Amino acid sequence: MNPAAANPDAFLALLSYGLITDAQHDAVLAHPETATLPPIPGPAHALAWMCAKGLITQEEIDAAVERLEEASPPVATADDAAEVAYDAEEFVELGDRGITHEAVNALFNDGLVDAETRDMALEETPLVGSAPAAPAATLAWMVIDGPLEKELFEATCAEVAAEPAFAMAADRARIVAEAQEEIAADEKAVGAWRAAAQGKRRRGAWLSRLVTLAVVGGLGWYFFAPQGVPACNADTTHKTLESLMLRVSIDARTQGLREVGIPTLSGLREIGYRKDDRIRGCMATMARGDETKSIAYTIGPTSADDDKMMVRGADPVIVEARFGNLDAKGKPLYNAEPIGRVAAEKAFRDGVTAVQSSSPAAAMLQRQLERQRARQRSTTGLVVTDADREREIADFEPTGPCRVHEDGVSRVCPLVVEYNDSLLATIGRSQSLPLTGEFTFVQDNGNWRMSDDFAKRFTRAVTEARLIGLGVTDAVAAPE
């Protein structure tokens, strides 16, 4: 068989994406196993196979992704290439556990999974791995994280237990028994993790991480559907938040935070209600053991013309500013006049983009944060991510009236801004930073932009917020 024709699409896709070089593609074609490969489900499987065979390293893949993301002009397929790289990394991790195509096919040949389950599993597992094929571990993975329903697995267990002795019976029984042990161990870990949440003392760091995953960072949002806007402390709201806490806690566990449990909520209260938008701003206290944190959330329509309601996570500082400064009609007191909310927010976002684009280090950290989020999304799915809250500037709110600058033309506006800090995220801290301060807006040919000293003021605000976030509460602002 001609190696070039064995699996042309998957490897050529890697080449076309720019994830591998011509020399690496040539090495694939020259590899003695290429000609005997089965059809490859996709480029990520091909890239993971190259890793397993030593034809490319994870460092080379990371460098290729960075090169594509930094390219100017932008590469249209850069996002697709990054997604392939993330999936390939997941396949490599599965392969290190012996969860591979060989193991999946062995389960099918032994009659332990049907053809439909096999085909779904082949899509989600690597061709080969660094460890020998492990059918029992693969069967357990199918039940815990993969395509095999628990009920079907239990039916298979009953069938194996009831069948008479024959040549394959011993192997089938062993595989099923080992899989049952792994599944039981996983269920026991989940049970212990939940039990530990019932009032046991834990270090505050775990609660901070849970808060970040839940609502402070805006990652948690949850849908429910009564008519009207429920009160912040309504039974429906409380039950919805408890369900969200459970889901977020499970998501935290899948990310390796084994000590995180399900927190309790108290003190649900309303900060304000914006009548025109039909949105309530709410606060509550999240507790685990002796540790407590303030959290914030909003309740409002899923869309402007919808009566179905949604709870969305929010930053407490933003909620206090947005819903604590309303007039008697439920309208904001401060709208960044004469600039206007929309124009002020656009100018601020554009200013941050300009600051970050001039800093290679900041751009690299932002890419690392995006990769981290992509990995989390690939391994979790219980809590939906609000794409708007993942932007570098997650939220923006004026906190007072703008005043005239001493130049008589520009405007100085007090703001609170929720900033997703890529530096803190890379060291495992809460990435959500509330930045407070006064920023100057300049009118330029009829449009508003940030003043020339914006980079200095923004950097100082971020630095101060980082220090406070790290517990340095007596941080002193840098001199002007």
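Model, not experiment: these values are computed from the prediction.

Definitions and limits used
- Residues numbered from 1 in each chain as written.
- Predicted model: local features only at pLDDT ≥ 70, side-chain atom pairs only at ≥ 80, totals over all residues.
- Heavy atoms only, no water.
- Core = buried A, V, L, I, M, F, W, Y, C linked by side-chain atoms within 4.5 Å.
- Buried < 20%, exposed > 50% of the residue type's maximum accessible area, 1.4 Å probe, protein only.
- Contact = heavy atoms within 4.5 Å.
- Helix = DSSP H or I, 4+ residues; strand = E, 2+ residues; numbered from the N terminus.
- Disulfide = S-S within 2.5 Å.
- Phe/Tyr/Trp six-rings, centres within 6.5 Å; stacked < 30°, edge-to-face > 60°.
- Salt bridge = Lys/Arg side-chain N within 4 Å of Asp/Glu carboxyl O.

(A) Looking closely at the nonpolar core. Residues Phe11, Leu14, Leu19, Leu47, Met50 and Leu139 are the most contacted members of the largest nonpolar core, which totals 54 residues. Dropping the residues within four chain positions of it, Leu14 is found in contact with Leu19, Ile20, Pro43, Ala46, Leu47, Met50 and Val84.

(B) Quick look at the environment of Asp80. Mapped onto the secondary structure, Asp80 falls in helix α6 (residues 78-95). With relative accessibility at 39%, the residue Asp80 sits in the partly exposed group. With 63 residues separating them along the chain, Asp80 and Tyr17 place their C-alpha atoms 7.8 Å apart.

(C) How the structure looks around the state of the cysteines. On inspection of all chains with the given rule, the structure shows two disulfides. Across the disulfide, Cys232 is cross-linked to Cys282 (sulfur-sulfur distance 1.9 Å). Since a negative S-S torsion denotes a left-handed disulfide, the Cys232-Cys282 link at about -65° is left-handed. In this pair, Cys232 sits in the loop between β1 (221-224) and α13 (235-254) while Cys282 sits in strand β3 (residues 279-288), placing the two residues 50 residues apart along the sequence. Both residues of the pair, Cys232 and Cys282, belong to the buried class. Between the sulfur of Cys402 and that of Cys413 lies a disulfide, 2.0 Å long from S to S. Judged by the sign of its S-S torsion, about 110°, the cystine formed by Cys402 and Cys413 is right-handed. Within this pair, whereas Cys402 is found in the loop between β6 (393-398) and β7 (403-404), its partner Cys413 is found in strand β8 (residues 411-420), the two being separated by 11 residues in sequence. Judged by its relative accessible area of 17%, Cys402 is buried. Across the protein, the way the bonded cysteines pair up, counted in sequence order, is 1-2, 3-4.

(D) Molecular detail of the packing of aromatic side chains. Under the counting rule described, the total for this entry stands at eight aromatic pairs. Plain terms: the ring middles of Phe348 and Phe458 are 6.2 Å apart, the flat faces sit at 75° to each other, and that makes the pair edge-to-face. With Phe348 in helix α15 (residues 341-357) and Phe458 in helix α18 (residues 454-469), this pair connects stretches of sequence that are 110 residues apart. You'll find Phe348 and Phe458 in the same group, each marked buried. Linked through ring pairs, Phe348, Phe396, Tyr419, Phe439, Phe454 and Phe458 together constitute an aromatic cluster.

(E) Expanded view of the pattern of salt bridges. One pass over the structure, following the stated rule, counts 17 salt bridges. A salt bridge links Glu154 to Lys150; the shortest N-O distance between them is 3.7 Å. Of this pair, Glu154 and Lys150 are both found in helix α10 (residues 150-162), four residues apart, which corresponds to roughly one turn of the helix. Residue classification places Glu154 among the partly exposed positions, given a relative accessible area of 43%. Close ionic contact of Glu345 with Arg349 constitutes a salt bridge, the shortest N to O distance being 2.9 Å.

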